[in-house]
Each structure stands twice: as C-alpha cells, then as structure tokens.
Amino acid sequence: MARINLKRLKNKAKKEIVKTQNLKELDKLFKKYSGKRGELTSILRSLKEMPKTKRLKVGRQANELKEFLIAQFDKRAKFLKDKSEKESKKKEWIDVTLPGEKILLGHLHPLTQTRRKVEEIFQSLGFSVIEGPEIENEWYNFDTLNIPKDHPARDFWDTLYLKGGGLLRTHTSPVQVRFLEKNKPPLRIIVPGRVFRHEATDASHEINFYQVEGLMVDDKGKISIAHFKAIIEEFFRRFFGKRVKIRLRPSFFPFTEPSFEVDVSCPICGGKGCSACKNSSWIEIMGAGMVHPNVFKNSGLNPKDWQGFAFGMGMDRLAMVKYKINDIRLFYSGDLRFLKQF
Ligand code: PHE
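So, here's what we can say about the structure. This one's a predicted model, so the numbers in the text were calculated from it and none came from an experiment. (Residues numbered from 1 in each chain as written. Predicted model: local features only at pLDDT ≥ 70, side-chain atom pairs only at ≥ 80, totals over all residues. Heavy atoms only, no water.)

**Quick word on the packing of helix α5 (residues 110-124) against helix α11 (residues 315-323)**
So, step 1. Between α5 and α11, whose axes approach to 9 Å, the crossing angle comes to 100°. The angle between the axes of α5 and α11 places the two elements in the roughly perpendicular class. Listed contacts from α11 to Pro 110, Leu 111, Gln 113, Thr 114, Arg 115 and Val 118 of α5 are Met 315, Asp 316, Leu 318, Ala 319 and Tyr 323.
So, step 2. By residue class, the composition of the contact of α5 with α11 is seven nonpolar, two polar and two charged. (Axes fitted to C-alpha atoms, helices over the stretch in contact; angles between N-to-C directions. Helix = DSSP H or I, 4+ residues; strand = E, 2+ residues; numbered from the N terminus. Parallel < 35°, antiparallel > 145°, perpendicular 65-115°, else oblique. Contact = heavy atoms within 4.5 Å. Nonpolar A, V, L, I, M, F, W, Y, C, P; charged D, E, K, R; others polar.)

And the structure:
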C-alpha cells in the first residue's frame, strides 16, 4: 500500500513540478510535499507506527523519494530563474530620446581668470612671472623699501604681525628686492600674489586681496617713464579689449622717485561718467614710479649703474572694473550665485 502511494506521489510530483511557471508556484508546491504538513512529510512521520520490517522498507523508499524530489525542485528552480532573467533582459530597453543626465562643470574663479590674463599679457611683452613669500619680515616688507621703523608710511601698510618676527606681507613690493638680490639686471618681472592689510572691510577694502607687482630694470638712462607708459597702455588695451587712456598723477611712495598714481579712463562708461568711476570718468588702478636709489642699494646694486620702473596694481580692482563688480567682498564669499556668472 505504502509502496503504491509513494510511486503515485512521485509521478504526481514530477508532473506538477514541470507545470510550475515561476519560483513562487514552485515554492508552494515544495511546501505541499515537504512542508510541515506536506504529503511526504506525513508519510515519513507515520513510519514510527509501522511494524519494523515495513518501516525499514518504506523508510528507505520515502527517503529516496525525498532526495529525488529535492533534486527535481532544484532543477526546476534553476530553469525558472534562467527563464525569468532572459525575459527581463528582453524587456529591458533604452529610451534614447530621454534627456541625458546633466554634468555640472566647475570653472576658474574670476580672480584666477584675471591673474592668468595678466600673466599672459605680460609674458608676451617679455616679462617673467615670479612669486614671493606671503609671510614676510619687517626687513623686506618695509626697511628694504625705504620705510624705516619710525617712518609714518608704515601706517599705510599696517599689517598683522606674527610671533617670531614674521608678518603678513602688505604688498608684493618686497619681491622686487628679493629678486634683485639674486638676479643681475637687465630684467623684467611681474609678481602676482596675495597680500594682507589691517583693514575694516567694506565694498572696496578687504583684509586680503591680490596684487601684481611689475619691475623693469636696465642700464642707467635706458628705462624711462615713457617706457612704463607705453607698456602699461598696451597692457590695458589688451586686458580691457579696447584702447583706454591713462593719466599719471604725482604721488608718493617711499620706494619710488618720482612716484605717481595711475588712472585709466573708465572702461565702463568710456569717460561719460558712471557709478564705477564715481562720475569722474577716471578709475585709480595702480601705484608706480621709478625705482628709488635706496631700493637698489638695499638689493646690493649700485644706483649709479641701474635705472627702472616699478608698479603695483590691485588684481581685485582690475577684475571689478572689467566685470563691473561693485563689492570686493563678493570674491571671497564663496557664493555660487555670484561665481557662476563668470
Ligand atoms: N606697493 C604699493 C602698494 O601696495 C604699490 C606700488 C608698487 C607703488 C610699486 C609703486 C611701485 O600700494
């Protein structure tokens, strides 16, 4: 009786297994035979009530059937899995008309763009780009530039002093001396870099900003203010993309003699008057002059042999005029609404 039952069970299970169409159905079927209340399980459970000889025989056959069924289930499970994978692959397709994912591109900060442009123009005019330390000492930041300890000009360039005698440089001018000490003229350099001031910030003042220093030195009598004017006019023409007039106003710097302030005709309104030039039609853009004899002396050069000009302009100011930016603090705000415009 049991034997017939097992055979029938085997055939029934075999048929049912191949009929299943997915893993869920298969799982249900497995439970029907081998689950807690499964047909095969209950046969196995009833073994203990059978007489010993029958129990041995039926037990062996039932266990064989169990193993057989497990193998059948595994086989079917693998088949169904493969089938559903193939089907879902068939269903998968790419809609080429969908818009692509937008990749956000960063770009250079407007001050970096400005510095690169300045460097490019001066390099094409034969100037080398030199750098100097942001942490200076009194000797280079002041004394070598003809600003001794008791000189009131130190107030102009008040700075942040560090322990141990260092200070944050207030201008790029110390690099004039650093370079002249090590390099024999004739020479032409620009020095772009970050500078620091003891400053109450407002729309046109920051505690740190960028300058570019210029220095051109040659034999005595060879370099004049006329050379300076021509070079700087050419620089502005290329930087602003149009011819601008420049004006030299007498001024004072301890490290140049004579000294002057350089204004450009307002490139925004072209001289008609606007808010950028405060209706004066001129914008002050740099300090300059002929290198003071004491600067040569402090660099180990004889002022009787050499002559040249130096200038220093604010890179931030250049960028503000070019891009019509009315507040220097925007450069350092990290505000993407501002930065994305360049
Ligand atoms: N170092 C001066 C400043 O920071 C600018 C300057 C440079 C003036 C070179 C004359 C010559 O204001």
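**What to know about the pairing of strand β8 (residues 282-291)**
So, step 1. Counting buried residues along β8, eight of its 10 residues qualify, which places the element largely inside the surrounding structure.
So, step 2. Alignment of strand β7 (residues 256-265) against β8, held across eight bridges, turns out to be antiparallel. Counted as the bridge partner of Ser 259 is Gly 289 from β8.
So, step 3. Relative to strand β9 (residues 306-314), β8 runs antiparallel, the two being bridged by five bridges. The partner of Gly 289 across the bridge, within β9, is Ala 310. (Buried < 20%, exposed > 50% of the residue type's maximum accessible area, 1.4 Å probe, protein only. Pairing = 2+ DSSP bridges.)

**Considerations on the site of the ligand**
So, step 1. Around the ligand sit 15 residues, and of these His 171, Ser 173, Arg 197, Gln 211 and Gly 312 come closest.
So, step 2. In the model, a nitrogen atom of the ligand is placed 3.0 Å from a nitrogen or oxygen of the His 171 side chain.
So, step 3. Contacts to the ligand include Ser 173, whose side-chain N or O atom sits 2.9 Å from a nitrogen atom.
So, step 4. Compared with its free state, where it exposes 330 Å², the ligand has 92% of that area covered by protein. (Near = heavy atom within 4 Å. Polar contact = N/O pair within 3.5 Å; in protein donor to acceptor, adjacent residues only side chain to side chain. Areas by Shrake-Rupley, 256 points an atom, 1.4 Å probe, with all protein chains shown as cover.)

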